[in-house]
Structures are given as C-alpha cells and as structure tokens.
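If you want the building blocks of each chain, they are given just below.
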Amino acid sequence: MRIKDSVVFVTGANRGLGLAFATEALRLGAKKVYAGVRTPADTDTPDIIQIKLDVTDSASIAAAAKRCEDTTLLINNAGIARLTNSVLDPQMITDVREIFEINFYGMIAVTQAFAPILARNGGGAIVNVLSDSAWFSRPLLAAYSASKSAAWSFTNALRIELKGQKTAVVGVHVSFMDTDMTHGFEMKKIHPNEVAEAGLIGVETKSDEVLVDDFTKQVKNSLSSKDAVYFNPPEIA
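Below is a summary of the structure that appears in this document.

Here is what the cut-offs are and how they apply
Residue positions within a chain follow its written sequence, with the count starting from 1. Side-chain atom pairs in this predicted model are given and counted only at pLDDT of 80 or more, local residue features only at pLDDT of at least 70, and totals for whole chains, interfaces and linings cover all residues. Computation of side-chain values covers all heavy atoms of the structure but excludes hydrogens and water. Helix and strand definitions follow DSSP, with helices as H or I runs of at least four residues and strands as E runs of at least two, each counted in order from the N terminus. For every residue, the accessible area obtained with a 1.4 Å probe (protein chains only) is divided by the maximum for its type, and the residue is called buried under 20%, exposed over 50%, and partly exposed between those limits. Here a residue-residue contact requires only that any non-hydrogen atoms of the pair lie within 4.5 Å. As a rule, the C-alpha atoms of each element are fitted with a line to give its axis, helices using only the stretch in contact, and angles between N-to-C directions run from 0 to 180 degrees. Working rule for angles: under 35 degrees goes down as roughly parallel, over 145 as roughly antiparallel, 65 to 115 as roughly perpendicular, anything else as oblique. For a crossing to be left-handed, the near helix must be turned anticlockwise from the far one by less than a right angle; the clockwise case is right-handed. Nonpolar residues are Ala, Val, Leu, Ile, Met, Phe, Trp, Tyr, Cys and Pro. Charged residues are Asp, Glu, Lys and Arg, and all others, Gly as well, are polar. At least two DSSP bridges between two strands are needed for those strands to be called paired.

What about the environment of Val-129?
In step 1: One can find Val-129 in strand β5 (residues 125-129).
In step 2: With a relative accessible area of 5%, Val-129 lands in the buried category.
In step 3: Along the sequence, Val-129 and Val-170 sit 41 residues apart, while their C-alpha atoms lie 8.5 Å from each other.
In step 4: What Val-129 contacts, discounting residues up to four positions off in sequence, is Leu-17, Phe-21, Asn-76, Asn-77, Met-107, Lys-148 and Val-172.

What follows is the structure in structure tokens.
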C-alpha cells in the first residue's frame, strides 16, 4: 500500500518513535494521522489528531477504534522497558508482567480491535515495532526481550492469518534508538526518524520484516550461522 492518502493510527505517539512515525506519515502524504496517547494535550503538529488510548484498557481501545473507523494503517508502537538487575531477582516477575501488559497483550488487543476496520477499508497494513532483543537477550533487558520475542511470534502468526483479508503485516526490528527509553545508556543509537522512515518504506515495498540498522542485521544473520555461538554484542554502559 502507499502511505500517500492513507489514514494512519499510531499507538504510543506522544513522543519518541511514535511521534516520528506520525510526522513521517504526514511527510509522505498521509491523509490523516491519529496519535494514540494516554493523555491528549496541545501539540505543535496540528495535523496530528490525538486520541486517548491506554493499550492495557479494553474500553479505551474499543472507544479509539470506534472513533477511528477510517484507519487503513495501524502502527503498534506503544512499549516500555525496565532494567533487571539479574534474571534471578524476584523483581523480574513483576517487571515481566508489567512489560507484557503493554508490549505484548496491548499489541494483541489493539490489533484485534483494528483488524476488522482494516478489512472493511480494503486490507491496508499493520506495522509492529519489534527489536533486535527478540533474538538476543541481554540480562539487563531480559524482561523486555521476552516481550519482544513474544511479539515477534505473534507478528508472524498474524501475517499468515490476515493474508486472507489482504492486510500486510510488517515487523520492524531495530537496536538502540535515541529516545527517552535509552536515556543514560552510552552506546551507538539510531534516530527515531530513520526508523520511522524505514518502517513506512517497508509498508510501501511490501516487506515482511524491516531490519533497520546494521547491528540488528548482524544479530538476525547470526541466528542461522555457525557464528551464532560466538556472537558478542556491545555492552550497555
């Protein structure tokens, strides 16, 4: 599908990658962009329509879907991360539950609400924001990585199921981005605008997966090679 003249709904769109997706969609000629946010507020981009959305609340999701029934492109971007001191730390159980509620169950719930809308509007597409962490789990991000692995699995199943209604499903994998989520981490980071651009190009080129940066490509390639055992990612400082 083309982004030009599409109607886009982005979850977690108040800042960071979500806002980058919204602004990039407008730049590419989207007819309308809905920004799903927990607390709507004044914005510097009047062409972005803020919609109250909590991806952990079924009533909030239903209300957003009802209001945005002209959507043709859904971007599941909402997500959180928590650092875990150790995978043996009892706190990890709490972290996993909190993260899965947003990163995994929230993605499923929003998708279930909007998939019928996309079908009625000709099929359209869904973009699920994933991560290199779906394939490589650092102990500090073990809970987050588990959620992204689950989301990757769901994305692959979703792609098969929605093929019949002509809805494309694109998984966007990326390493560390320069957002609030990685503030204080000392490592190479990619700008959210680059990720949004790559993801929307992936929609237009009918890509199943978009591996945004070189490090993410290295991680994915290592999974099916003899070098997988020896793969050493950069440390988080």
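We are not done yet, so read on.
Side note on the packing of helix α2 (residues 58-67) against helix α3 (residues 91-120)
In step 1: Axis separation between α2 and α3 bottoms out at 10 Å; the angle between their running directions is 25°. Accordingly, the angle class assigned to the pair α2 and α3 is roughly parallel. Our pair here, α2 against α3, has a crossing hand that is right-handed. Packed against α2, whose contacting residues are Ile-61, Ala-64 and Ala-65, the element α3 presents Ala-109, Val-110, Ala-113, Phe-114 and Ile-117 at the interface.
In step 2: Considered class by class, the residues forming the contact of α2 with α3 number eight nonpolar, no polar and no charged.

Things to note about the sheet that holds strand β4 (residues 73-76)
In step 1: Spatial ordering of the open sheet is given by β3-β2-β1-β4-β5-β6-β7, a layout of seven strands whose pairing is parallel. One side of each edge strand has no neighbouring strand; the edge strands of this open sheet are β3 (48-52) and β7 (209-211). Within this sheet the neighbouring strands show an average axis-to-axis angle of 20°, counted without direction.
In step 2: Where strand β1 (residues 7-11) meets β4, three bridges bridge the pair, whose relative direction is parallel. Residue pairing across strands places Phe-9 opposite Leu-74, the latter belonging to β4.
In step 3: Contacts between α3 and the sheet are confined to β1, β4 and β5, with β4 contributing the most and set at about 175° to the helix.

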